[in-house]
Structures are given as structure tokens and as C-alpha cells.
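# Coordinate inspection notes
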Amino acid sequence: MPRQCWLVKQEPESYSWANFVKDGLIAWTGIRSFPARKNLRSMKKGDAVLYYHSVTEKRVMGLARVEREAYPDPTATEGEWACVDLVVIKGLNQPVDLEAIKEDKILREMPFLKQTRLSVAPVSPEQFTRLLALAKTRED
């Protein structure tokens, strides 16, 4: 089990899981929210990351890992914004949609449900394990 677990959200029309799989590694840039920036700065190399399609599909698609810890976001023209590098691990055998998350007694407490604009959110180890079970996916 990784030290920490996270969920990142992205609109599939902007950058889908399929794009991420094709690229393999990406700098997670463009985050302009103070709570999300705090979360980015807390990410450690090796942490697990769930990739969530927001807005249209609303489901967790895959598993990634933090490859490089927070560094200055090169897309920021002003302010002290951060980004991390993420690397693809694998897609979920069965994506987990928002309704399944909201209906699950463990998952319904996930921070991204309470702060819907939060694009980078922590996930407890229990929630991470539960989500992988619903996805019929092993972490290895």
C-alpha cells in the first residue's frame, strides 16, 4: 500500500485517460486552486493516484503514480503554483462511476464529493482499497 492516495479529476474532453495512457507520463499542470495546490505539494513520489473523468463521464478510469514531487508549474504566469509528474500504472478493469461512489458507505465520504471543485483530493487507504475492489482491479 502506498504512503498516501489521491484522486485527480480531469474532463475527458480536455485530457482523457486514453490520452494519458498514450503519453504514459504527464506533468499535472494548470491547477489554480489553493486547496488543490496544498494537496499537490503533499504528494510524494510513489503515492497512488486515481484518475477521474469529471463533468461528462463522472467515473474513475485508472490508476497512476506520482513520479516527481511538487515543483513550480511552468504554465503559471503569476503566483507560486505547483505541479507534479504522474505516470500511468493501469486502467481499471471496471471503471467506477459517481453513483456507485455516492451509494457506497465507505466511498461516500471521499473529499472530492464534498468539495466538488477540488481537482486534486486525498483518498484514505480504506477508500482506495474499496474503490479498487469495486473496480475489480488489483494494485500490483
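Notes on the structure in this doc start here. Keep in mind that this is a model prediction, so the values were computed, not measured.

## Remarks on the packing of aromatic side chains
- As enumerated under the stated definition, the model contains 7 aromatic pairs in all.
- Measuring from ring centre to ring centre gives 6.4 Å for Y15 and F20, while their planes differ by 45 degrees; the resulting arrangement is tilted. Comparing Y15 with F20 shows no difference in burial state: the two are buried.
- With a centroid separation of 5.0 Å and 35 degrees between ring planes, the pair formed by F34 and W81 is classed as tilted. Of this pair, F34 sits in helix α3 (residues 34-42) while W81 sits in the loop between β4 (59-72) and β5 (82-97), placing them 47 residues apart in sequence.
- You can call F34 exposed: its relative accessible area is 55%.
- When its relative accessible area of 12% is taken as the criterion, W81 is described as buried.
- What links up through ring pairs into an aromatic cluster is the set Y15, W17, F20, W28 and Y51.
- Its end group placed over the ring of W81, R37 keeps NZ or CZ at 5.0 Å from the ring centre.

## Notes on the pattern of salt bridges
- With the rule as written, the count across this model stands at 6 salt bridges.
- Where R59 meets E57, a salt bridge forms, and the shortest distance between an N and an O atom there is 3.4 Å.
- Under the relative-accessibility criterion, R59 is labelled partly exposed at 31%.
- According to the relative accessible area criterion, E57 is partly exposed, its value standing at 34%.

## Structural notes on α3
- Among the residues making up α3, those that are buried are A36, R37, N39 and L40. Seen end-on, α3 carries its buried residues on one side only, within an arc spanning 160 degrees. Summarising the geometry of α3, the exposed residues directed more than 90 degrees from the buried face are F34 and K38.

## Points about the sheet that holds strand β6 (residues 120-123)
- The strand order β2-β5-β4-β3-β1-β6 describes an open sheet built from 6 strands, whose pairing is mixed. Only two strands of the sheet have a single neighbouring strand rather than two, namely β2 (25-28) and β6. The average angle at which neighbouring strand axes cross in this sheet is 35 degrees, direction not considered.
- In this sheet, β5 lies alongside β4 in antiparallel orientation, the contact comprising 10 bridges. Across the sheet, R68 pairs through a bridge with D85, a residue of β5.

Thresholds applied
Residues numbered from 1 in each chain as written. Predicted model: local features only at pLDDT ≥ 70, side-chain atom pairs only at ≥ 80, totals over all residues. Heavy atoms only, no water. Phe/Tyr/Trp six-rings, centres within 6.5 Å; stacked < 30°, edge-to-face > 60°. Buried < 20%, exposed > 50% of the residue type's maximum accessible area, 1.4 Å probe, protein only. Helix = DSSP H or I, 4+ residues; strand = E, 2+ residues; numbered from the N terminus. Lys NZ or Arg CZ within 6 Å of the ring centre and 35° of its normal. Salt bridge = Lys/Arg side-chain N within 4 Å of Asp/Glu carboxyl O. Arc of directions from axis to C-beta. Pairing = 2+ DSSP bridges. Axes fitted to C-alpha atoms, helices over the stretch in contact; angles between N-to-C directions.

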